[in-house]
Amino acid sequence: MTFCIGTGFACFSSTIRRRLYSLPWFRRSRHAIQTISNGIHIQLRSDGISSTSETSSNMPTQARVVVCGGGIAGISLSYHLAKAGWTDVLLLEQGKLTCGTTWHSVGLVGLNHSVEFIAKCRKMSSNLYESLEEEIGMSTGFLRNGSIAVAQTKDRMTSFHRSAAMLRGKGEDFQILTPSEITSLAPFIKVDDLVGGVYFPRDGRTNISDTAAALAAAAKRKGDFNFLVCTCSVTILEGVEVKKVLTKNNRVTGVETSKGTVNCEYFVNAAGQWGRELGLRSSPSVKVPLHPVEHGYIVTKAIDGISPSMPYIRDYDGRIYIIEWSKGLLSGCFEEKAKPIFMNGIPKPYEFESLPPDWDQFQPSLDSFLLRVPSAATVEVQQLFNGSESFTPDGNFLLGEVPEVGHYFVLAGFNSGGVACGGGVGSILADWIISGKRPNNILPVDIRRFTSCHNNPSFLRDRVQEIVGRHYALNYPGEDYKYGRKQKCSPLYSRQKQAGAVFGEYMGYERPKYYLDRDDFLPINPKGTFGKPAWFDKVKAEYWTCRDSVSLMDMSTFAKFEIKSDGYEATDLLQRLCPNEMDVPVGTLVHTPMLDENGHYQNDCSVARLAENWYFIISPTPQETKAFHWISQHLPEDGSVHLHNVTGQYAGINVIGPNARELLQTLTLDSLSTTDFRPFCCKNMSIGYANDVKTMSITHVGEPGFVLYVPNEFALPLYDSVWRAGQDFGIQKSGYLALRWLRIEKFFGYWGEDFNSSHTPFEIGRETRVKLDKEIDFIGKQALIEQKGKGVESKLTMFLLEDHDLYNDLWPWGGEPIYRDGKFTGMSTSAGYGPTLGKMVVVGWVTNEDEKSGQRGIVTNDYVLKGHYEIDLAGKRFKARGSPYPVKLQLKQPQFG
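Residues numbered from 1 in each chain as written. Predicted model: local features only at pLDDT ≥ 70, side-chain atom pairs only at ≥ 80, totals over all residues. Heavy atoms only, no water.

S.K.: Before we go on, may I ask you to explain the nonpolar core in this structure?
M.R.: Taken as a class, soluble globular proteins show a tendency for nonpolar side chains to be buried jointly. Phe616 and Met696 are the most contacted members of the largest nonpolar core, which totals 53 residues. Among the elements that take part in this core, helix α19 (residues 736–745) stands out by supplying six residues, more than any other. Setting aside residues no more than four positions away along its own chain, Met696 makes contact with Leu589, Ala608, Phe616, Ile618, Cys681, Cys682, Gly705, Phe706, Val707 and Tyr709. Counting residues in each nonpolar core, the second largest holds 51 residues, with Val65, Leu132, Ala214 and Ile433 among its members. (Core = buried A, V, L, I, M, F, W, Y, C linked by side-chain atoms within 4.5 Å. Buried < 20%, exposed > 50% of the residue type's maximum accessible area, 1.4 Å probe, protein only. Helix = DSSP H or I, 4+ residues; strand = E, 2+ residues; numbered from the N terminus. Contact = heavy atoms within 4.5 Å.)

Have a look at this one:
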């Protein structure tokens, strides 16, 4: 590759601005950005439209909504609020619009994503950018030129086939390509080392400067959609920094800025890489877990034969993408290990800034670029651009009302996907703010999915190094994070490590997946696979220990809350929050959902009544912040009910198996007979030397046994005591993969995996947990009454694969399309091997949709049972038997599988 030394990188590293201003593409961007700041204002006045001045000297003192951040997300949100008729919106930008990270985006708008909600946002963005030009009369620079993803390995092609199966079921437009077919669409790339690829004709790209300018103009013009008579809806002020978000009674009241105070009802943190810092500028402070990293791309000068209409390339194995750029090529990367920056804060000022080029960091990506485009070796390089971008702990963006402060919303952390998602998610958040109703099924992006530990700056610095690369990595099912580990460890961690536990990370916790013996040759981190995993025999042995004798399993990660009151108020609260009967005898354990007004799940929990006015609640691990927030929102204003998050105060020891009761009886003087301690009961007991052990006769997997919620100071001694006493009962240790097989085989759906906040108890087969005859009018009661009368339009179903070769075929892992009588009916959500059944077990959804009208019909148990099913594993369909209720298990180990 040839560099233009005289005008190039030697001086670029010391005078970055001079370099940028010298580039035609950057001059074009600056011109468009200035159009946003200046030209729109002039154009609005020339159209005779009443316009609010954009000078900060005319700072308003009141707005209904204040949006902080003038990137694509903040502009999109402002536009959609205005489009909906909200006429008092103030967008504040500390510098110039798009000057943070938006301005240097390359503008890729790919439509597909493994997370359904994110895919929806991408499609909405694409449609908006395409239609906006006609609406506003300004070009958005959007081009639907398509994209090609290429595969260098068989495993990568398998992952493509898995994704293609999902897209095929949903009717999306794509085409599997051979290497020669790739050449016909992208003749400039090398294909002789490729296995194949996928073409997505509806993917596109946009000129972000033009797109942002058009959205900003449209936001300011929106009123009654008559541009000649409407009033300005959105006031956009540049050069205004938000110093502090003002609150009262944990609710937004206004913002203190560098130009004065503005009172408001709603505040939106769309500050991008400044989002975390801004979150700390309120009382109470708001957790916005994101961290900036270096993110770069290389730009060449013009190359013969390169056209803007050519599809852009994603070479995932090379960790690069390649697009046309001013008749040359631009290649960006998602390197395996990224460089976090600004550990001591983002410097000021920071507008349209870039970072010094790092050729050592970019070298592997440059090698991949030269491999994929051999002709680029003789092309002159225009620049190596290096900018900043913020990433989150799991690679999904942050959306929603925060749990700390009412009417405080976050729209940030887009992980280099702000342009692709910003247009759509701006519309969704605008609807949310206006209606006051949280969208369904946003768990993967809900800011409440994180806990306070995820906002730790050291953790964020380490984790985001990996998040960047995971965008293009070949992520096998069940793969764990490498960085930001050992953040939370239960009191039992040391014993588990000594016993050979292989740990996985979940919500910051280290928890055993399975155990290795000292003489095992299985590597601690075996190579990933889409088929039978290396740990299969280990997990199967742990499964049978749980079924045949007794096993120890750590359940400490479950979220745990206590609700107390002086009188009957705690019971009254739970009676309203829960559709199940909560006024039960002391010592009773109740499984119940908590629902919203539409009857949709907001929490799935087990509640133990410890005293007349004292309840202990166990919720799924990812529900810790979300469930606590939901309950908090409904506490009586008089303070009569006290809610405490005690997750970190108790360890959970699951003693599973037919020998569990007899084993524990050797450690306590309290009777554990089935007469004295029936299933679904809870008692505060002394076991071994441990006091105040909340002993519950459940196991969360349907096997006999007990879960012991133990105060942390007693956890390790009690764990050791149970282990020693268990030697006479065949005790072993088991991990979460065995738990997964146990619960899937019994068709125990899990919150956040098999169902979410778009589902009701009737749809997942939990009618017994709903007491419609309960006198109190619990939240969601009317919606469930109506649904019961009408019937459900989807049903969670258990499937057994009938013609699947466990050892040679690919496995289901969740996310596979399900076909009923040859027609797509839904997606699988989780899967696992069922040793007792001797088959792969899949959990997923069945619907009854009319192909012509798209209308959904009622799904009954009979409808489910009468269907002939197939499940598509990477393009190959396997026959499956569907059942709306658990398939009866055999009593003994089968001699196969």
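S.K.: How do you make sense of the pattern of salt bridges when you look at a structure like this?
M.R.: Side chains carrying opposite charge are able to pair once their charged atoms draw close together. Counted according to the given criterion, the structure contains 49 salt bridges. A salt bridge links Asp583 to Arg609; its shortest N-O distance comes to 2.9 Å. Of this pair, Asp583 sits in the loop between α15 (569–577) and β25 (589–595) while Arg609 sits in strand β26 (residues 601–611); the two residues are 26 residues apart in sequence, bridging distant segments of the chain. Taking the relative accessible area as the measure of exposure, Asp583 reaches 35% and is therefore partly exposed. The class of Arg609 is buried, set by a relative accessible area of 2%. The residue Asp862 makes a salt bridge to Lys866 at a minimum N-O spacing of 3.1 Å. Judged by relative accessible area, Lys866 falls into the exposed class, the value being 56%. Where salt bridges share partners, they join Glu241, Lys243, Glu277, Arg281 and Lys348 into one cluster. (Salt bridge = Lys/Arg side-chain N within 4 Å of Asp/Glu carboxyl O.)

S.K.: Help me understand the pairing of strand β5 (residues 147–151) in this model?
M.R.: Remember that side chains alternate between the two faces of the sheet whenever the strand is regular. Summarising burial for β5: five of the five residues are buried, a large majority. Covered by surrounding structure in β5 are Ser147, Ala149 and Ala151 together with Ile148 and Val150, the residues of both alternating faces. Two elements, β5 and strand β7 (residues 196–200), share five bridges in a ladder whose sense is antiparallel. The residue bridging Ala151 from the neighbouring strand is Gly196, located in β7. Pairing between β5 and strand β14 (residues 312–315): four bridges, direction parallel. Bridging across to β14, Val150 finds its partner in Asp315. (Pairing = 2+ DSSP bridges.)

S.K.: Sorry if this is basic, but what is going on with the sheet that holds strand β36 (residues 823–834) here?
M.R.: Strand pairing in a sheet takes place through backbone hydrogen bonds and is either antiparallel or parallel in direction. The strand order around the closed barrel built from six strands is β34-β37-β36-β35-β38-β39, with neighbouring strands paired in antiparallel fashion. Averaged over all pairs of adjacent strands, the angle between strand axes in this sheet comes to 40°, irrespective of strand direction. When β36 meets strand β37 (residues 839–847), the two strands line up antiparallel, connected through six bridges. From the neighbouring strand, Ser828 faces β37, where its bridge partner is Gly844. Of the strands in this sheet, β34 (794–801), β36 and β37 touch α19, which is tilted by about 130° from β36. (Axes fitted to C-alpha atoms, helices over the stretch in contact; angles between N-to-C directions.)

S.K.: Teacher, can you tell me more about unusual backbone geometry here?
M.R.: Here the bond from Ser283 into Pro284 is cis, since omega is 0°, no more than 30 degrees from zero. Mapping Pro284 onto the fold places it in the loop between α9 (275–279) and β13 (291–300). Within the chain, Ala874 stands out as a residue other than glycine whose phi angle is a positive 55°. As for its placement among the helices and strands, Ala874 is situated in the loop between β38 (869–873) and β39 (876–883).

S.K.: Looking at this model, I keep getting lost on the side chain of Glu335. Mind explaining?
M.R.: Tracing the chain through its elements places Glu335 in the loop between β16 (328–333) and α10 (359–372). One buried charged side chain, Glu335, makes no salt bridge at all; its nearest oppositely charged neighbour is Arg319, positioned 7.9 Å away. Residue contacts for Glu335: discarding those within four places in its chain leaves Glu294, Arg319, Gln361, Val468 and Gly469. (Lys, Arg positive; Asp, Glu negative; His and termini not counted.)

S.K.: Just to check I follow, could you spell out the confidence of the model for the chain for this structure?
M.R.: Regions with low pLDDT should not have their predicted coordinates read in detail. This prediction gives the chain a mean pLDDT of 91; 91% of its residues lie at or above 70. In this model residues 1–53 is a low-confidence stretch, pLDDT under 50, and it forms 105 contacts with partners more than four residues away in sequence or in other chains. (pLDDT = per-residue confidence, 0-100.)

S.K.: What should I look at first to understand the packing of aromatic side chains in this one?
M.R.: The description of two aromatic rings rests on the distance between their centres and on the angle between their planes. Within this structure, the stated rule accounts for 35 aromatic pairs. Taking 5.3 Å as the distance between ring centres and 75° as the angle between the ring planes, the aromatic pair formed by Phe677 and Phe706 counts as edge-to-face. Within this pair, whereas Phe677 is found in the loop between α17 (660–665) and β30 (682–687), its partner Phe706 is found in strand β32 (residues 705–711), the two being separated by 29 residues in sequence. Judged by relative accessible area, Phe677 falls into the buried class, the value being 0%. A residue is classified by how much of its surface remains accessible, and Phe706, at 0% relative accessible area, is buried. Three or more aromatic residues joined by ring pairs form one cluster here, namely Tyr514, Trp535, Phe536, Trp741, Tyr807, Trp811, Trp813 and Tyr833. The ring of Tyr481 carries the charged tip of Arg463 above its face, separated from the ring centre by 3.9 Å. Here the basic side chain of Lys733 rests over the ring of Trp723, its NZ or CZ set 3.2 Å away from the ring centre. (Phe/Tyr/Trp six-rings, centres within 6.5 Å; stacked < 30°, edge-to-face > 60°. Lys NZ or Arg CZ within 6 Å of the ring centre and 35° of its normal.)

S.K.: What am I meant to see in the environment of Arg461 here?
M.R.: Along the chain, the position of Arg461 falls in helix α12 (residues 457–470). By relative accessible area, which is 30% here, Arg461 ends up partly exposed. With 303 residues separating them in the primary sequence, Arg461 and Thr158 have C-alpha atoms 32 Å apart. Side-chain polar atoms of Arg461 contact the side chain of Asp462, separated by 3.1 Å. (Polar contact = N/O pair within 3.5 Å; in protein donor to acceptor, adjacent residues only side chain to side chain.)

S.K.: Would you mind going over helix α20 (residues 781–790) with me for this structure?
M.R.: Three or four residues apart is the spacing at which side chains of an α-helix point the same way, because the helix has 3.6 residues per turn. Within α20 the residues assigned to the buried category are Lys781, Leu784 and Gln787. Relative to the axis of α20, the buried residues are bounded by an arc of 125° and lie together on one face. Turned more than 90 degrees off the buried face of α20, the exposed positions are Glu786, Gly789 and Lys790. Turning to α20, the residues buried within the fold contact β25. A positive backbone phi angle near 100° is found at Gly791, which sits one or two residues after α20. (Arc of directions from axis to C-beta.)

S.K.: Can you help me understand the packing of helix α5 (residues 116–136) against helix α8 (residues 208–221) in this one?
M.R.: Axes are the key here: two packed helices are described by the angle between their axes and the distance separating the axes. Across the interface, α5 lies against α8 with an axial gap of 10 Å and an inter-helix angle of 55°. As summarised for this structure, α5 and α8 are arranged oblique, according to the angle between their axes. As for how α5 packs across α8, the hand of that crossing is left-handed. Contacts between α5 and α8 pair Leu128, Tyr129, Leu132, Glu135 and Ile136 from the former with Thr211, Ala214, Leu215, Ala217, Ala218 and Arg221 from the latter. (Parallel < 35°, antiparallel > 145°, perpendicular 65-115°, else oblique. Left-handed = near helix turned anticlockwise from the far one by under 90°.)

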